[in-house]
Each structure stands twice: as C-alpha cells, then as structure tokens.
Amino acid sequence: MKPNFKAAPEFATSKTAVWWDMGDCPVPDGYDARRVVPSIEGALKKLGYSGPVTITAYGDLKHTPQHVLRRLSSTGVDLQHTVKGLDFLLFLII
C-alpha cells in the first residue's frame, strides 16, 4: 500500500474523488456499510483535506449483498456496476 500524504495548503479544500474497487476491497463481513463514508472522510480530514468528497464504488455488484448496497447508497456512495474493471468504467465516463 502506498503512503498517504498530508494535504498541501493549495489542495486542502479541493474536491476529492474516491474510486473504490469493491472487487479488490469489499465491505468486510459484519462491518456496517454506513460507516464507510465517515471512515473515508475522517481519514482525509486527518491528512488535512476539508473539501467536498465524492465516493464511487465500482465492480460486479451482483457479488455484494443488497443490504450492503442499500446502506452504501443511503450515505451518498455512487454505485457503478461493471464486470470488466476500472478501464471499462473510465471508458463509460469518457
């Protein structure tokens, strides 16, 4: 895992986009999915980032339980179903 760096002053209030590969990093069994957003935002704040955060979770969402998807969605996580990985998702966005 690469180290995280403190926010440079000129970027501290910038918008931050988080791209979350749910295939490589699923919500652990027993973890309340509603805690994901506060955990990510808290980690960013510890590094000095205070700008708005958007989180996009992508992957083959058929492998994620519906209750987890509902909880993530209820906290503002954008869910994108794809089975071909990040390069396919980026193609869809562009």
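For every chain, the first residue of the written sequence is number 1, and numbering continues from 1 onward in sequence order. Residues qualify for local features only when their pLDDT is at least 70, as the model is predicted, and side-chain atom pairs are given and counted only at 80 or more; totals for whole chains, interfaces and linings, by contrast, use all residues. Computation of side-chain values: all heavy atoms of the structure, hydrogens and water removed.

The name an unreviewed UniProt entry gives the protein chain is NYN domain-containing protein, with Arabis alpina as the organism.

Asks: For this particular structure, what's the right way to read the pattern of salt bridges?
Replies: Side chains bearing opposite charge may pair, as long as their charged atoms lie close to each other. Every case where a carboxyl oxygen of Asp or Glu lies within 4 Å of a side-chain nitrogen of Lys or Arg is listed as a salt bridge. Here the structure, examined in full by the defined rule, presents two salt bridges. A salt bridge links Asp32 to Arg34; the shortest N-O distance between them is 3.0 Å. Throughout, exposure labels follow a simple rule: accessible area from a 1.4 Å probe, protein chains only, divided by the maximum for the residue type, with under 20% read as buried, over 50% as exposed, and the rest as partly exposed. Taking relative accessible area as the criterion, Asp32 reaches 23% and is therefore assigned partly exposed. Under the relative-accessibility criterion, Arg34 is labelled partly exposed at 41%. We note a salt bridge from Arg71 to Asp32, for which the minimum N-O separation is 3.9 Å. Residue Arg71 is found in helix H2 (residues 66-74), and its partner Asp32 is found in the loop between strand E1 (16-21) and helix H1 (36-46); the two are separated by 39 residues along the sequence. Residues joined by salt bridges that share partners form a network here, namely Asp32, Arg34 and Arg71. Helix numbering and strand numbering both begin at the N terminus, where a helix is a DSSP run of H or I of at least 4 residues and a strand a DSSP run of E of at least 2.

Asks: Help me understand the confidence of the model for the protein chain in this model?
Replies: Any segment with low pLDDT has predicted coordinates that should not be analysed in fine detail. On average, the protein chain scores 90 in pLDDT, and the residues at 70 or more come to 87%. Think of pLDDT as the predictor's per-residue confidence, scored from 0 to 100. When pLDDT is averaged over each element of the protein chain, H2 comes out on top at 97 and helix H3 (residues 86-93) at the bottom at 61.

Asks: Looking at this structure, I do not really get the sheet that holds strand E2 (residues 53-59). What am I missing?
Replies: Sheet strands associate in pairs through backbone hydrogen bonding, adopting either a parallel or an antiparallel arrangement. Taken in spatial order, the three strands line up as E1-E2-E3 in an open sheet, and their pairing is parallel. The strands lining the two open edges of the sheet, one partner per strand, are E1 and strand E3 (78-81). Averaged over all pairs of adjacent strands, the angle between their axes in this sheet comes to 20°, without regard to strand direction. The sheet contact formed by E2 and E3 spans four bridges and is parallel. Within E3, the position partnered with Thr56 by the bridge is Asp78. Here, residues are in contact when the closest pair of their heavy atoms is within 4.5 Å. Angles shown run from 0 to 180 degrees and are taken between the N-to-C directions of axes, each axis being a line fitted to C-alpha atoms and, for helices, limited to the stretch in contact. Contacts from H1 reach E1 and E2, with the element oriented near 125° to E2. In this scheme, strands are said to pair when DSSP sees at least two bridges between them.

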